[in-house]
Amino acid sequence: MKKTAKYSKACQVLTFPHSSQEQLYSELNRLGWCWQPDKKEWERDDTPAQLATKLIKIRVWAAK
């Protein structure tokens, strides 16, 4: 495996037995971590989810 900055930081964030980089990245994504390429860091968004609204928008097309 290639030792890129993304991979090195991923190994620091999560000690997960993996056989490929993609396996490690998908596990980080599943846990809520995202790679920020401009900062060259893995970040986790801990913002709580908002409640869903009861509003539903429907778009309808009609043909002659």
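Residues numbered from 1 in each chain as written. Predicted model: local features only at pLDDT ≥ 70, side-chain atom pairs only at ≥ 80, totals over all residues. Heavy atoms only, no water.

1. Here's the deal with the pattern of salt bridges
Part 1: Under the criterion given, the structure shown has 3 salt bridges.
Part 2: A salt bridge links Lys-39 to Glu-43; the nearest nitrogen and oxygen atoms lie 2.9 Å apart.
Part 3: The exposure class of Lys-39 is partly exposed, given its relative accessible area of 49%.
Part 4: The shortest N-O distance in the salt bridge between Asp-46 and Arg-44 comes to 3.5 Å.
Part 5: Residue classification places Asp-46 among the exposed positions, given a relative accessible area of 62%.
Part 6: Residue classification places Arg-44 among the partly exposed positions, given a relative accessible area of 47%. (Salt bridge = Lys/Arg side-chain N within 4 Å of Asp/Glu carboxyl O. Buried < 20%, exposed > 50% of the residue type's maximum accessible area, 1.4 Å probe, protein only.)

2. Quick look at the nonpolar core
Part 1: Listed in full, the 7 residues of the largest apolar core are Tyr-7, Ala-10, Leu-14, Leu-24, Tyr-25, Leu-28 and Trp-42.
Part 2: Contributing elements (two or more residues each) for this core: helix 1 (5-13) and helix 2 (21-30).
Part 3: Per-element accounting of this core gives the leading share, 3 residues, to helix 2.
Part 4: Setting aside its immediate chain neighbours within four residues, Leu-24 contacts Tyr-7, Ala-10, Cys-11, Leu-14, Phe-16 and His-18. (Core = buried A, V, L, I, M, F, W, Y, C linked by side-chain atoms within 4.5 Å. Helix = DSSP H or I, 4+ residues; strand = E, 2+ residues; numbered from the N terminus. Contact = heavy atoms within 4.5 Å.)

3. Re the pairing of strand 1 (residues 33-36)
Part 1: Where strand 1 lies against strand 2 (residues 41-44), 4 bridges are found, and the strand directions are antiparallel. Bridge pairing in strand 2 places Cys-34 opposite Glu-43.
Part 2: The antiparallel pairing of strand 1 with strand 2 creates a hairpin that spans 4 residues between the two strands, and Lys-40 there sits at a positive phi of about 55 degrees. (Pairing = 2+ DSSP bridges.)

By themselves, these are just geometric observations and shouldn't be taken as functional.
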